[in-house]
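Descriptive structure summary
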Amino acid sequence: GIQVEQSPPDLILQEGANSTLRCNFSDSVNNLQWFHQNPWGQLINLFYIPSGTKQNGRLSATTVATERYSLLYISSSQTTDSGVYFCAVYDGQNFVFGPGTRLSVLP
Amino acid sequence: KAGVTQTPRYLIKTRGQQVTLSCSPISGHRSVSWYQQTPGQGLQFLFEYFSETQRNKGNFPGRFSGRQFSNSRSEMNVSTLELGDSALYLCASSFGDRAYEQYFGPGTRLTVT
């Protein structure tokens, strides 16, 4: 089945810093989503982005489907950005989550 | 519009008991998927229902089952609970299949003692 990797596994930032999270996948996909899991476990939708580039405030994402990776950019990070970021992909049969990137933003 | 809701939010059960969890999708969504999240295994797919039919099933034992009703609400059942079933159970709804954007509920945290 499709494999999903995320890097880095852990990231510690000072408030105000920028960061880039990466998601690599092993096969072509019909769906790619980025989620932020808050401390209570809720998965919050960030982007639905099987290809192309999207922006939403301080966050933006780019998926290069032909090269099988996606990037999530966080600018001017805030303490409320802390949590785990997951990418998930759908290959037509399986919706598979990556292992996540745990982000800690320090005040 | 209202998001995905799950009940109950927290549950404590004893080994050997059974449990039923409920998920109400976003209005108009016909697909409901269930996932198990544990610290060791991450987020794993359990099953997907669309128009009352199970379309896909993950690699879980037969103790895990589910169903979907005509109003798209879904339930999952775990029989003969084991300690390893302690997890956060998440459901997601989407308009069509999982190529569509998935929206997740807040989850049910199950503890088996």
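In the block above lies the structure referred to throughout.
Residues numbered from 1 in each chain as written. Chains lettered and ligands numbered in written order. Predicted model: local features only at pLDDT ≥ 70, side-chain atom pairs only at ≥ 80, totals over all residues. Heavy atoms only, no water.

The next point concerns the sheet that holds strand S1 (residues 5-7) of chain B. Residue and element names in this part refer to chain B. Taken in spatial order, the four strands of this open sheet run S1-S3-S8-S7, and their pairing is antiparallel. Because the sheet does not close on itself, it has two edges, and the strands there are S1 and strand S7 (64-68). For this sheet the average axis-to-axis angle between neighbouring strands, irrespective of direction, equals 20 degrees. (Pairing = 2+ DSSP bridges. Helix = DSSP H or I, 4+ residues; strand = E, 2+ residues; numbered from the N terminus. Axes fitted to C-alpha atoms, helices over the stretch in contact; angles between N-to-C directions.)

One finds Trp34 and Leu72 of chain A to be the most contacted residues of the largest nonpolar core, which totals 22 residues. Broken down by secondary-structure element, the contributors of at least two residues to this core are strand S2 (10-14), strand S3 (19-25), strand S4 (31-37), strand S5 (43-48), strand S7 (59-64), strand S8 (69-74), strand S9 (83-90) and strand S11 (101-106) of chain A. (Core = buried A, V, L, I, M, F, W, Y, C linked by side-chain atoms within 4.5 Å. Buried < 20%, exposed > 50% of the residue type's maximum accessible area, 1.4 Å probe, protein only.)

With that settled, the discussion passes to the interface of chain A and chain B. Counting residues at the interface gives 17 residues for chain A, matched by 18 residues for chain B. It is Tyr90, Phe95 and Phe97 of chain A that lose the most area in chain A upon contact with chain B, and together they represent 30% of the buried surface on that side. Across the contact surface, chain A and chain B share seven residue pairs in polar contact (both at pLDDT 80 or more). Put simply, the parts of the chain that give the side of chain A that touches chain B at least two residues each are S4, S5, S9 and strand S10 (95-97) of chain A. Sorting elements by how many residues they give to the side of chain A that touches chain B places S4 of chain A first, with four residues. By residue class, the composition of the side of chain A that touches chain B is eight nonpolar, nine polar and no charged. (Contact = heavy atoms within 4.5 Å. Buried area = accessible area lost by both parts, 1.4 Å probe. Polar contact = N/O pair within 3.5 Å; in protein donor to acceptor, adjacent residues only side chain to side chain. Nonpolar A, V, L, I, M, F, W, Y, C, P; charged D, E, K, R; others polar.)

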